Every structure is written in C-alpha cells, then in structure tokens.
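Observations on chain architecture
The lines below spell out each chain.
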Amino acid sequence: MTTLEIHKEYPELVNDMTEVSKTFLSDTKDGTNKKELKTYLDSLNGIIETYKKEQ
C-alpha cells in the first residue's frame with residue numbers, strides 16, 4: 001500500500017501516517033536503506049491492519 005492509497009482509501013488515517021513519517025524521517029538524517037524503508041512500510045501497513053480490526 002502506498003501513501004497515496006492511504007489518502008484515498010483511509011483518509012481518517014492520514015494524521016497517523018503523518019506522525020509515522022515524521023518519526024521515520026527524523027531517525028534517518030544520515031540517509032535511508034532498503035531495510036529502513038521496509039520498516040516504514042510495515043509501520044504504515046500495521047496502522048491499516050489495526051484500523052481494520054477495530055472497525
């Protein structure tokens with residue numbers, strides 16, 4: 001799932017996504033790698049899965 005899809009399908013989660021982005025970006029000032037990007041994606045997917053379970 002991409003951030004664009006989150007904006008379209010789950011607009012109510014945009015604030016949570018923004019917080020994850022801020023945290024992620026502040027922790028990667030020296031650059032990013034595939035593992036860090038995967039962790040970021042997993043975090044976004046986790047937010048969506050939690051949201052789905054609560055509905």
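Residues numbered from 1 in each chain as written. Predicted model: local features only at pLDDT ≥ 70, side-chain atom pairs only at ≥ 80, totals over all residues. Heavy atoms only, no water.

What about the overall build of the chain?
- In terms of regular secondary structure, the chain is built from 3 helices and 0 strands.
- The order of α-helices and β-strands along the chain, N terminus first, is α-α-α.
- Summarising the internal contacts of the chain: among those between residues at least 6 apart in sequence, 56% fall at separations of at least 24. (Helix = DSSP H or I, 4+ residues; strand = E, 2+ residues; numbered from the N terminus. Contact = heavy atoms within 4.5 Å.)

Side note on the environment of T18
- Note that T18 resides in helix α2 (residues 14-26).
- You can call T18 partly exposed: its relative accessible area is 31%.
- Taking the C-alpha atoms as reference points, T18 and T3, separated by 15 residues in sequence, lie 9.7 Å from one another. (Buried < 20%, exposed > 50% of the residue type's maximum accessible area, 1.4 Å probe, protein only.)

Remarks on the pattern of salt bridges
- Under the defined criterion, the tally for this structure stands at 2 salt bridges.
- For the salt bridge of E49 with K52, the shortest nitrogen-to-oxygen distance reads 3.8 Å. Here E49 pairs with K52, and both are found in helix α3 (residues 34-54), just 3 residues apart, close to one helical turn.
- A residue is classified by how much of its surface remains accessible, and E49, at 41% relative accessible area, is partly exposed.
- For K52, a relative accessible area of 43% gives the class partly exposed. (Salt bridge = Lys/Arg side-chain N within 4 Å of Asp/Glu carboxyl O.)

What to know about the environment of T23
- Here T23 lies in helix α2.
- In this structure T23 comes out as partly exposed when scored by relative accessible area, which is 45%.
- Between the alpha carbons of T23 and Y40 there is a distance of 9.6 Å; along the sequence they are 17 residues apart.

A closer look at the packing of aromatic side chains
- A full pass over the atoms with the stated rule returns 1 aromatic pair.
- Between Y10 and Y51, the aromatic rings sit 5.9 Å apart at their centres with planes inclined by 80 degrees, giving edge-to-face as the arrangement. Of this pair, Y10 sits in the loop between α1 (3-9) and α2 while Y51 sits in helix α3, placing them 41 residues apart in sequence. (Phe/Tyr/Trp six-rings, centres within 6.5 Å; stacked < 30°, edge-to-face > 60°.)

Let's talk about the nonpolar core
- In this structure, I6, Y10, L13, V14, M17, V20, F24, Y40, L44, I48 and Y51 together form the largest nonpolar core, which totals 11 residues.
- Secondary structure elements with two or more residues in this core: α2 and α3.
- Not counting chain neighbours up to four residues away, the residues in contact with L44 comprise T3, I6, M17 and V20. (Core = buried A, V, L, I, M, F, W, Y, C linked by side-chain atoms within 4.5 Å.)

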